[in-house]
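So the chains spell out like this:
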Amino acid sequence: MTASFRRALGQRFNPAGILFTVSVALRQPHLFLPHLSVRDMRSIDWAALRQVGFRGVVLDKDNTLTAPYSRSLWPPLADSLRECVQAFPGQVAVFSNSAGLREYDPDGSEARELEESIEGIHVIRHEAKKPAGSAEEIERVFGCPTSELVMVGDRYFTDVVYGNKNGFLTILTEPLCLSKEPFVVQQVRKFESFLVSLWKCKRLKPVEHPLRCEAMKCVKDLV
């Protein structure tokens with residue numbers, strides 16, 4: 001098995017992540033529910049988030065910031081990303097299960113290429129795939145607790161669960177380009193949506209966050 005094939009397979013199939021997700025679904029299903037859901041980054045008023053007390057932003061990569069497996073910013077998001085950086089100078093970073101993950105990007109080359117394409121925004125190097133792992137690396141990068149950080153991503157099972165269990169304010173975006181995702185990922189998305197819809201029908205609420213009410217005033221086009 002070649003390294004490239006092993007990497008591609010690993011990014012599509014994450015057995016450790018699946019076991020972790022099943023455990024969370026059985027014991028803490030509220031961790032799957034984002035604090036806010038929006039169309040994409042353009043629905044977020046970054047300056048307003050800064051004003052209500054947030055100190056930094058953590059962005060997912062695939063289908064949040066770029067097309068799947070691309071290393072270039074999704075062009076329509078350019079203005080929103082610029083506004084985000086202006087609102088949080090030096091306090092915006094990417095935390096991805098592809099670029100920067102040492103298992104698949106051991107020398108950091110993909111992270112560096114992505115950093116160059118998004119005007120130097122830092123890509124955090126890390127060991128564990130979301131939703132597993134702690135947020136210690138992120139807190140060291142930002143120099144503040146996760147309760148003062150916003151986690152933005154497109155996946156319930158990874159970005160939202162990871163963000164919620166580690167104390168972030170979680171904002172779920174809709175995927176940018178489903179057609180470029182592998183079939184397996186598309187099916188997992190459907191399963192995610194089914195479970196979340198079921199839990200919402202049962203009136204399950206997201207985990208508490210001290211700034212959630214204020215954050216709701218900082219977005220438009222809630223979904």
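Here, every reference points to the structure presented above.
What you are looking at is a predicted structure, and each value in this text was computed from that prediction instead of being measured.

1. What about the packing of aromatic side chains?
Each pair of aromatic rings is reported with the distance of its centres and the angle of its planes.
No. 1: The final tally for this structure, using the stated rule, is five aromatic pairs.
No. 2: Measuring from centroid to centroid gives 5.1 Å for Phe32 and Phe157, while their planes differ by 70 degrees, and the two rings are edge-to-face. Here Phe157 lies in helix α7 (residues 156–165) and Phe32 lies in the loop between α2 (15–27) and β1 (36–38), a separation of 125 residues in the sequence. In terms of burial, Phe32 and Phe157 fall into one category: buried.
No. 3: Arranged with centres 6.2 Å apart and planes meeting at 90 degrees, the rings of Phe157 and Phe191 form a pair that is edge-to-face. Of the two residues, Phe157 sits in helix α7 while Phe191 sits in helix α8 (residues 183–201), which places them 34 residues apart along the sequence.
No. 4: Among the residues examined, Phe157 registers a relative accessible area of 10% and is labelled buried.
No. 5: Three or more aromatic residues joined by ring pairs make a cluster, and in this case those are Phe32, Phe157, Phe191 and Trp199.

2. Focus: the nonpolar core
No. 1: One finds Trp46, Leu49 and Leu59 to be the most contacted residues of the largest nonpolar core, which totals 34 residues.
No. 2: Elements that contribute at least two residues to this core include exactly β1, α3 (46–51), β2 (56–59), α4 (78–87), β3 (92–94), α5 (109–117), β5 (149–153) and β6 (169–173).
No. 3: Beyond its immediate sequence surroundings of up to four residues, Trp46 is in contact with Met41, Val57, Leu59, Ser80, Glu83, Cys84, Ala87, Phe88 and Val152.

3. Details of the pairing of β5
Note on strand geometry: in a regular strand, side chains alternate between the two faces of the sheet.
No. 1: Burial analysis of β5 places five of its five residues in the buried class, which makes it a mostly covered element.
No. 2: Side-chain alternation along β5 places Leu149, Met151 and Gly153 on one buried face and Val150 and Val152 on a second face that is also buried.
No. 3: Here four bridges tie β2 to β5, and the two strands are oriented parallel to one another. Of the residues in β5, the one forming a bridge with Leu59 is Val152.
No. 4: Here β5 pairs with β6 via four bridges, running parallel. In the strand pairing of β6, Val150 is matched with Leu169.
No. 5: Tracing the backbone out of β5, into α7 and back to the parallel element β6 gives a crossover that is right-handed.

Reading the values: rules and limits
Residues numbered from 1 in each chain as written. Predicted model: local features only at pLDDT ≥ 70, side-chain atom pairs only at ≥ 80, totals over all residues. Heavy atoms only, no water. Phe/Tyr/Trp six-rings, centres within 6.5 Å; stacked < 30°, edge-to-face > 60°. Helix = DSSP H or I, 4+ residues; strand = E, 2+ residues; numbered from the N terminus. Buried < 20%, exposed > 50% of the residue type's maximum accessible area, 1.4 Å probe, protein only. Core = buried A, V, L, I, M, F, W, Y, C linked by side-chain atoms within 4.5 Å. Contact = heavy atoms within 4.5 Å. Pairing = 2+ DSSP bridges. Right-handed = clockwise from strand over helix to strand, strands pointing away.

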